[in-house]
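Okay, here's what each chain looks like letter by letter:
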Amino acid sequence: MSKEEIPKDYDFKKEKEWEKKWEDENIYKYIGDGSRPRYVIDTPPPYPTGAIHLGHVLNWVYIDMNARYRRQKGYDVLFPQGWDCHGLPTEVKVEETHGIKKNDVSRAQFRQYCIDLTTKNIASMKADMKAMGYSQDWTREFVTMNPEYMKRTQYSFLKMYEDGLIYQGKHPVNWCPRCQTAIAFAEVEYSDNTTFLNYVNFPPAVEDSYKDIASSQESGKQADPKEEGILIATTRPELMSACVAVVIHPEDERYTHLLGKYVEVPLSHQKVKIIADEEVDPEFGTGAVMICTFGDKTDVSWVQKYDLEVIDVIDDSGTLTAAAGRYEGMDLQTCKKQTIEDLDSEGYLLKKEQVDQNVGQCWRCKTPVEILLKEQWFVAVRDLIEKTKVAANEMNWVPEHMKSRMINWADSMEWDWCISRQRIFATPIPGWILQFHHYPLQDGLMKIM
Amino acid sequence: MDSSISPLSIAGWPDEDYVNHFPSDIRPQGHDIIRTWAFYTTLRCIALTGQKPFDDIVINGMVFGEDGNKMSKSRPEFVVGPEEVIEKYGADSLRTWAANSVPGSDVIFDWKDIKHGYRFLRKFWNAFRFISMQIFDEEIAYGDVKDNLGPIDLWILSKINNLNRTVDEAFAEYNFAETITSIERFFWHDFCDEYIEAVKYRLYTDVSDESRRAAKYTLRTVVETSLKLLAPIAPFFTEEVYQYFSDESIHTTSWPEVYGELINDEMENKGETTVELIDEVRRFKSSAKIPLNAELSEVNVYTSDEDLVDVFNQFDEDIKGTLKINDLAISSGKPEVHEKIIEVEPDMSQIGPKFKGDAGKIIGYLKSTPIDEIGSVLDESHELTIGDIVVPEDMLNIKKEIVGASGKKVDILQSENLDMIVEVIR
């Protein structure tokens, strides 16, 4: 090019011309023949929302600078780009755009709408990425909703199933009533707000009215609300109909004389036993806790530890079930309000005080998460945790201190990883349950690859 | 489930040759998804292959708005989209903002940083354009000039080779902020502000051919090397400039070679010292409203540091050429300067009331007597004796100036950083 033509000012609008030229000439193509040392980037596959934001820019400029630097240093760089397609936001968007609910059309039709929207969003995000000058090899694009990728997801499931690492089971799971699906613990995020701590009297059960109080299934209704039994401070009175025990700290002298005795649960009137457990914090509330199935993670462990009954009072959409008696059919908020009113008018409620609380919510729609007992598929993480930690320690973390986030998370893992989702737009994993399983199963699930 | 096999999918798993591309060399991701994506990927790859999924994991921070909060739809006035920045300043300016940070740290978006990046690219362009008239007319190889490189050339060449090492190391360690800031510091300040100014005289005046070719080689080498170091950060800009160097894309070229023999700490120190002197005199020119390209008839540098004498003698030509000094003298010791009275006027508000009718004699004396004679009387006795009248010094308005050994008027500059006093004769 003639040097006399150098324009007076730098014109950044020419970025577009270079973008096109690089693409036409395919200069970022990964060769892969081993003639140069390989450098492979496990690029994040973003969720295709339709536009990149500055958070992406920070992430991808780091990736791209590194890719370009390694190429200059003589590496054959594999810089692919993927898209993590499946998820609720797309389903919600499709419902909005088409003015439908997901069950208004066939599953195939609904899935097609999701694919169309995702395809469009990928195209516009791809254009955004090119405008930023990122040097992906677009022939290496991967899309999690495409058959080639789904095949790998399915195969990975099958392999882990065959290795005994995946099983179906009925466990308490985190459940989003808005999305109506199970989610993994890692998908629960915590948010601070304030609520009321309600001080509720659980009166002593009238033992004489039961033939044998320990085994009796009868409801109570004999207790006098005003008779002092045990005071429970709860932020979740709407779950009282699922109360299966009251628990105190074994050394809490205020209550130890009540151990083994029974109290009657207000409003729903079932009698429950007073038990002791070290996990109770005597400093919080009144030091006595009701165990409901399932108010939180601790309830789950107590129910398992003491083999307590499970009362399902919440259905998939967060509506109270028949087990909730007079509250059947209400949503959780309405039930809470009504319960507090009833406790007050029937003389069980002693006081209310405001407290800060930390609520687990669905990371995608911010709805408070409930714990429900569900038949789902799980990855047995227990045996993998130690190996995962060893692997984390073998990696070079930049910055180093981020490693502890993964190690601490691994250490806090109490539940198996729930991997099934109640979604339409997701990777289907076909499985057949044989009704007459007299034949030994040779191959487990059907082979798919 | 799906995204936790990304490194396997990229490698072509479960085809057998996936092992050629697995584990990945690097996993770049945000810290908000360590518990999810990083954890599940590791767990799944361990379960499926028994191996860790990647060697390096580089974590980036989050972006905050100008109000210091995470950008969110609830505060739309602080949400900026990349397309808005690209439209106003181009993608490369936005990339320089992102590059000026380190993994793991959250980053605030600030338009000031974007504008700064934009200004740097424009500065680079203008410098390139200015020297483009010089660097493309002949091909000059290192071997052609290596024996003729001047001290200032050796200074900047040592610096660019050191910069190469610094930036190389910083990229290898993902220390991105170090890459852009050290390139900027070097190019903007050492190269544009100092080196280019210091070689103009070799390009435009009648110096030797060897010296001019050495300067041209150095200019071209520094610009071309800087471009390649900057290429990962500003791919569009560097490509735009590089097209004048080659038909090849800069993005298919290799990392520039380090010329180890040119790295010379001693030369760098000497260069910095010289730059200090040049800056001192340049600041003086500018504060005295003397055009930077105007000549200075004489500059005398005094120091008690023998090393400085050697340095300035070695860089003698560059100092003279850059500052347009006709005579430059470097001496050890201190300048012989003194104050000299150049004008004496009567202070009539005091002389009038005190001497009344004799005031005229005083005025007459001051007008008729040579200033040197009045000066020496005042220096000695601090009063004037005119007949029987004695006029004390404080009844006179006395103007003085500083003169050097030769008796010419001088300006004295004292350096804050170096042990030197500079005497300038305009």
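Residues numbered from 1 in each chain as written. Chains lettered and ligands numbered in written order. Predicted model: local features only at pLDDT ≥ 70, side-chain atom pairs only at ≥ 80, totals over all residues.

Peer 1: Could you give an account of the overall build of chain B, naming the residues involved and the relevant values?
Peer 2: Secondary structure summary: chain B contains 16 helices and 12 strands in total. On C-alpha atoms alone, chain B measures out to a radius of gyration of 33 Å, which is more than a quarter above the 22 Å that the 2.2 N^0.38 rule sets for 426 residues. The 426 residues of chain B split such that 41% are buried. Long-range pairs, those at least 24 residues apart, make up 70% of the contacts in chain B with a sequence separation of at least 6. (Helix = DSSP H or I, 4+ residues; strand = E, 2+ residues; numbered from the N terminus. Rg over C-alpha atoms; globule rule 2.2 N^0.38 Å. Buried ≥ 20, exposed ≤ 12 C-beta atoms within 10 Å, placed from the backbone. Contact = placed C-beta atoms within 7 Å.)

Peer 1: Give a detailed account of the overall build of chain A, specifying residues and quantitative values.
Peer 2: The helix and strand tally for chain A stands at nine helices and 16 strands. Here the C-alpha atoms of chain A give a radius of gyration of 29 Å, more than 25% beyond the 22 Å that 2.2 N^0.38 yields for 449 residues. Judged by the C-alpha coordinates and their principal axes, chain A covers about 105 × 65 × 50 Å. Here chain A holds 449 residues, and the buried ones make up 40% of them. A separation of at least 24 residues holds for 77% of the contacts in chain A among residues at least 6 apart in sequence.

Peer 1: Pulling in residues and values, what's your account of unusual backbone geometry?
Peer 2: Cis rather than trans, the peptide bond between A:V398 and A:P399 has omega equal to -10 degrees. Of note, A:P399 is situated in the loop between strand 15 (396–398) and helix 9 (403–411). Of the consecutive residues B:F22 and B:P23, the connecting peptide bond is found in the cis state with omega at -10 degrees. With respect to the secondary-structure elements, B:P23 resides in the loop between helix 1 (6–10) and strand 1 (24–30).

Peer 1: If you had to explain the sheet that holds strand 12 (residues 421–425) of chain B to someone new, which residues and values would you point to?
Peer 2: Strand-to-strand pairing in sheets goes through backbone hydrogen bonds, with the strands running parallel or antiparallel. Residues and elements named next belong to chain B. The mixed open sheet is built from four strands, whose spatial order is 6-5-12-11. At either end of the open sheet lies a strand with only one pairing partner, and these are strand 6 (325–332) and strand 11 (411–414). The mean inter-strand angle of the sheet, taken between neighbouring strand axes irrespective of direction, is 20 degrees. Two strands pair when backbone bridges link them, and strand 5 (residues 296–303) and strand 12 are joined in this way by five bridges, in the antiparallel orientation. (Pairing = 2+ DSSP bridges. Axes fitted to C-alpha atoms, helices over the stretch in contact; angles between N-to-C directions.)

Peer 1: Please give an account of the environment of B:I412 that cites residues and values.
Peer 2: Residue and element names in this part refer to chain B. Note that I412 resides in strand 11. Judged by C-beta crowding, with 14 C-beta atoms within 10 Å, I412 ranks as partly exposed. Distance from I412 to I425, taken between C-alpha atoms, is 9.1 Å for residues 13 residues apart in sequence. Once residues within four sequence positions are removed from consideration, I412 is found in contact with V337, I402, I421 and E423.

Peer 1: Now, about the interface of chain B and chain A: what can you tell me, with residues and values included?
Peer 2: Across the boundary between the two partners, chain B contributes 84 residues, which contact 74 residues of chain A. When the residues that make up the side of chain B that touches chain A are grouped by side-chain class, the tally is 49 nonpolar, 20 polar and 15 charged. Bridge count between strand 15 of chain A and strand 2 (residues 54–60) of chain B: three bridges; the pairing is parallel. What sits directly across from A:W397, in strand 2 of chain B, is B:I57. (Nonpolar A, V, L, I, M, F, W, Y, C, P; charged D, E, K, R; others polar.)

Peer 1: Break down helix 2 (residues 54–72) of chain A for me, citing the residues and quoting the values.
Peer 2: Residues and elements named next belong to chain A. With 19 residues, helix 2 should cover 27 Å at 1.5 Å per step; its first-to-last C-alpha distance of 26 Å lies within 8% of that length. Counting buried positions over the 19 residues of helix 2 gives 19, a clear majority of the element. Residue G74 follows helix 2 closely and has a positive phi angle near 100 degrees. (Expected span 1.5 Å × (residues − 1).)

Peer 1: Please provide a residue-by-residue account of the sheet that holds strand 10 (residues 262–264) of chain A, values included.
Peer 2: Residue and element names in this part refer to chain A. Read from one edge of the open sheet, four strands run 10-11-9-12, paired in mixed fashion. The sheet is open, and its two edges are formed by strand 10 and strand 12 (288–292), each paired on a single side. Ignoring strand direction, the axes of neighbouring strands in this sheet form an average angle of 35 degrees. Sheet topology note: the strand 9 (residues 243–248)/strand 12 ladder contains five bridges and is antiparallel. Paired with V247 across the two strands is V289, which belongs to strand 12. Where helix 6 (residues 297–306) meets the sheet, its contacts fall on strand 9, strand 11 (271–276) and strand 12, and the angle it forms with strand 12 comes to roughly 80 degrees.

Peer 1: Any chance you could break down the pairing of strand 1 of chain B for me, citing the residues and the numbers?
Peer 2: All names here are of chain B. Among the seven residues that make up strand 1, six are buried, leaving the element largely enclosed by the rest of the structure. Where strand 1 and strand 2 come together, six bridges link them in parallel fashion. Within strand 2, the position partnered with S24 by the bridge is F54.

Peer 1: Residues and numbers for the environment of A:P44, please.
Peer 2: All names here are of chain A. Inspection of the secondary structure puts P44 in the loop between strand 1 (38–40) and helix 2. Note on P44: 22 C-beta atoms within 10 Å, which makes it buried. Taking the C-alpha atoms as reference points, P44 and Q81, 37 residues apart in sequence, are found 7.4 Å from one another.

Peer 1: Kindly report on the pairing of strand 9 (residues 389–392) of chain B, identifying the contributing residues and their values.
Peer 2: Sheet analysis places strand 8 (residues 383–386) of chain B next to strand 9 of chain B, joined by four bridges and oriented antiparallel. Of the residues in strand 9 of chain B, the one forming a bridge with B:L384 is B:V391.

Peer 1: Please provide a residue-by-residue account of the nonpolar core, values included.
Peer 2: Judged by nonpolar contacts, the single largest core of 206 residues is most densely connected at A:V57, A:C243, A:V246 and A:I291. Sequence-distant contacts of A:V57, defined by excluding residues within four places in its chain, comprise A:I52, A:M132, B:P82, B:L94 and B:A98. The next biggest cluster of nonpolar side chains, apart from the first, holds eight residues, and it includes A:Y113, A:C114, A:L117 and A:A426. (Core = buried A, V, L, I, M, F, W, Y, C linked by C-beta atoms within 7 Å.)

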